[in-house]
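Spelled out, the chains give:
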Amino acid sequence: MSPHLLDEAVKTLQKRQGPATPEAVPVYERLGQAVLGRSMSQEKNSEGEHESNVSALRECFYRLGTQYRALRGLDEKLLQRMETALMATHYQSMLYSARSLGLKDIYAKCAVTLLKYPTAVPQDKALYQAGNAARELGNNNLAFMLLNRYVDVAEAVDSGEPDSRNIDATDYQTVDAMPLDGPVPPSHYVEDEDDREDIRTWVLSVVTDSNIEQRFPPRDQARSTLYEGLFASDRATCIVTGYPIYPADLLEINHSTANRKDWNAYVSKSKVCPWTGAPK
């Protein structure tokens, strides 16, 4: 589907809410994959429309999610697929919003969270976003780990390798919230070879830097750091960032849970609830 028709499909769904039926789930899933799977050049050439369309699609999926949860007898796997489409679109929209508001920490956390959704957000895009967000925060070790993986996935795209389980993941086994078995994208998010080469060059330059550990910290050392989002947790999840919430930081609001600090930081800038979109 051409970018123009894709945008029109989102606008139509926003105006005329689609049916909440089992048969429609794969259609919504594919629409989300198409929107979130655009290449960097397609995003840039959309004249600012891409981010607003992701936000619009997120609103559509939010309403549909509410309807699907109310259905009796809906297959649990179908409901989970709809929830995955919703949450991936939600955190991608939150990433764009936080970035535009200058909330770099929230932007980076959302980028790391999106690594959990390889069936909705292409792996190379998610790794590229998260790696560069870590670089912007000065966390060059995390940036190296993620962008090194990005280079491996990009090379798999070039070779036509369909399954990321065939990519060496020895250094990534401990971060159990980051799936390593997702599909390899059929095409590059970063289409420009020179831009991909810049990433390779940076990764190679880091290999000789003795100040960078080139490994992930243990789980017990990741608390309250950007690394924490890479580890599985049974704690409640923050609707602002996707990160686990500790009891002392828990805020329950608008049928969602959030880290109080991140909620307040986002709402004070955006003036809207990050989950319902209602003015605050």
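The sections below set out a description of the structure shown in this document. Since the structure is predicted, the reported quantities are computational estimates derived from the model, not experimental observations. (Residues numbered from 1 in each chain as written. Predicted model: local features only at pLDDT ≥ 70, side-chain atom pairs only at ≥ 80, totals over all residues. Heavy atoms only, no water.)

### Focus on the packing of helix 4 (residues 49–70) against helix 5 (residues 76–100)
Moving on, step 1. Relative to each other, helix 4 and helix 5 sit at 145 degrees, their axes nearing to 8 Å. Crossing angle aside, the handedness with which helix 4 passes helix 5 is left-handed. In this structure, helix 4 uses His-50, Glu-51, Val-54, Ser-55, Leu-57, Arg-58, Phe-61, Tyr-62, Leu-64, Tyr-68 and Arg-69 to contact helix 5, whose residues at the interface are Leu-79, Met-82, Glu-83, Ala-85, Leu-86, Thr-89, His-90, Gln-92, Ser-93, Tyr-96 and Arg-99.
Moving on, step 2. Of the residues in the contact of helix 4 with helix 5, the class split is eleven nonpolar, six polar and five charged. (Axes fitted to C-alpha atoms, helices over the stretch in contact; angles between N-to-C directions. Helix = DSSP H or I, 4+ residues; strand = E, 2+ residues; numbered from the N terminus. Left-handed = near helix turned anticlockwise from the far one by under 90°. Contact = heavy atoms within 4.5 Å. Nonpolar A, V, L, I, M, F, W, Y, C, P; charged D, E, K, R; others polar.)

### Remarks on the pairing of strand 2 (residues 256–259)
Moving on, step 1. Pairing analysis gives four bridges linking strand 1 (residues 250–253) to strand 2, with the strands arranged antiparallel. Note on strand 2: the bridge partner recorded for Glu-252 is Thr-257.
Moving on, step 2. Joining the antiparallel neighbours strand 1 and strand 2 is a turn of two residues, in which Asn-254 adopts a positive phi near 50 degrees. (Pairing = 2+ DSSP bridges.)

### Looking at helix 10 (residues 260–270)
Moving on, step 1. When we look at burial in helix 10, the residues that qualify are Asp-262, Trp-263, Tyr-266, Val-267 and Ser-270. Looking down the long axis of helix 10, one finds its buried residues gathered within 120 degrees of arc, a one-sided arrangement.
Moving on, step 2. Against helix 5, helix 6 (104–113), strand 1 and strand 2 lie the buried residues of helix 10.
Moving on, step 3. Its side-chain oxygen at 2.9 Å from the backbone nitrogen of Lys-261, Asn-259 defines the N-terminal cap of helix 10. (Buried < 20%, exposed > 50% of the residue type's maximum accessible area, 1.4 Å probe, protein only. Arc of directions from axis to C-beta. Polar contact = N/O pair within 3.5 Å; in protein donor to acceptor, adjacent residues only side chain to side chain.)

### Section: unusual backbone geometry
Moving on, step 1. The backbone of Gln-214 sits at a positive phi, close to 60 degrees, despite the residue not being glycine.
Moving on, step 2. Relative to the assigned elements, Gln-214 resides in the loop between helix 9 (193–207) and strand 1.
Moving on, step 3. For His-255, which is not glycine, the phi dihedral falls at a positive 60 degrees.
Moving on, step 4. The residue His-255 is located in the loop between strand 1 and strand 2 in this model.
Moving on, step 5. Residue class for His-255 comes out exposed when judged on its relative accessible area of 87%.

### So, the pattern of salt bridges
Think of it this way: side chains of opposite charge can pair up when their charged atoms draw near.
Moving on, step 1. Per the counting criterion, the structure on display carries 14 salt bridges.
Moving on, step 2. A salt bridge links Lys-109 to Asp-105; its shortest N-O distance comes to 3.4 Å. Taken together, the positions of Lys-109 and Asp-105, both in helix 6 and four residues apart, correspond to about one turn of that helix.
Moving on, step 3. Glu-213 is the partner of Arg-215 in a salt bridge, and the nearest nitrogen-oxygen pair spans 3.5 Å. (Salt bridge = Lys/Arg side-chain N within 4 Å of Asp/Glu carboxyl O.)

### Considering the nonpolar core
It is characteristic of soluble globular proteins that their nonpolar side chains tend to be buried jointly.
Moving on, step 1. Ranked by size, the top nonpolar core spans 93 residues in total, and within it Tyr-68, Leu-115, Tyr-150, Met-178, Leu-230 and Val-240 carry the most contacts.
Moving on, step 2. Setting aside chain neighbours within four positions, we find Met-178 in contact with Leu-115, Leu-127, Leu-146, Arg-149, Tyr-172 and Leu-230. (Core = buried A, V, L, I, M, F, W, Y, C linked by side-chain atoms within 4.5 Å.)

### As for helix 6
Moving on, step 1. The buried count for helix 6 comes to eight of ten residues, which makes it a mostly enclosed element.
Moving on, step 2. Listing the buried residues of helix 6 in full gives Ile-106, Tyr-107, Ala-108, Lys-109, Cys-110, Ala-111, Val-112 and Thr-113.
Moving on, step 3. On its buried face, helix 6 sits against helix 5, helix 7 (123–136) and helix 10.

### What to know about the state of the cysteines
Moving on, step 1. Taken as a whole and assessed by the stated rule, the structure comprises zero disulfides.
Moving on, step 2. As a non-bridged cysteine, Cys-273 has Cys-238 as the owner of its nearest cysteine sulfur, 11 Å distant. (Disulfide = S-S within 2.5 Å.)

### Overview of the side chain of Thr-113
Moving on, step 1. Looking at the secondary structure, you find Thr-113 in helix 6.
Moving on, step 2. A polar contact of 2.6 Å, which involves the side chain of Thr-113, links it to the backbone oxygen of Thr-241.
Moving on, step 3. Leaving out residues up to four positions away in the same chain, Thr-113 has contacts with Tyr-91, Thr-241, Gly-242 and Tyr-243.

### A few points about the packing of aromatic side chains
Moving on, step 1. This model, assessed by the stated rule, comprises seven aromatic pairs.
Moving on, step 2. Members of the aromatic cluster, joined through ring pairs, are Tyr-28, Phe-61 and Tyr-68.
Moving on, step 3. Over the ring of Tyr-243 we find Lys-109; its NZ or CZ atom is 5.6 Å from the centre of that ring. (Phe/Tyr/Trp six-rings, centres within 6.5 Å; stacked < 30°, edge-to-face > 60°. Lys NZ or Arg CZ within 6 Å of the ring centre and 35° of its normal.)

### Description of the environment of Tyr-28
Moving on, step 1. Structurally, Tyr-28 is set in helix 2 (residues 25–36).
Moving on, step 2. Linking Tyr-28 and Met-82, residues 54 residues apart in sequence, is a C-alpha distance of 7.7 Å.

### Some details on the packing of helix 1 (residues 3–15) against helix 4
Moving on, step 1. Closest axis-to-axis distance for the helix 1/helix 4 pair is 9 Å, and the angle between their directions is 40 degrees. Accordingly, the angle class assigned to the pair helix 1 and helix 4 is oblique. The interaxial crossing formed by helix 1 with helix 4 has left-handed handedness. Residues Asp-7, Val-10, Lys-11, Leu-13 and Gln-14 of helix 1 pack against Glu-49, Asn-53, Ala-56, Leu-57, Glu-59, Cys-60 and Arg-63 of helix 4. (Parallel < 35°, antiparallel > 145°, perpendicular 65-115°, else oblique.)

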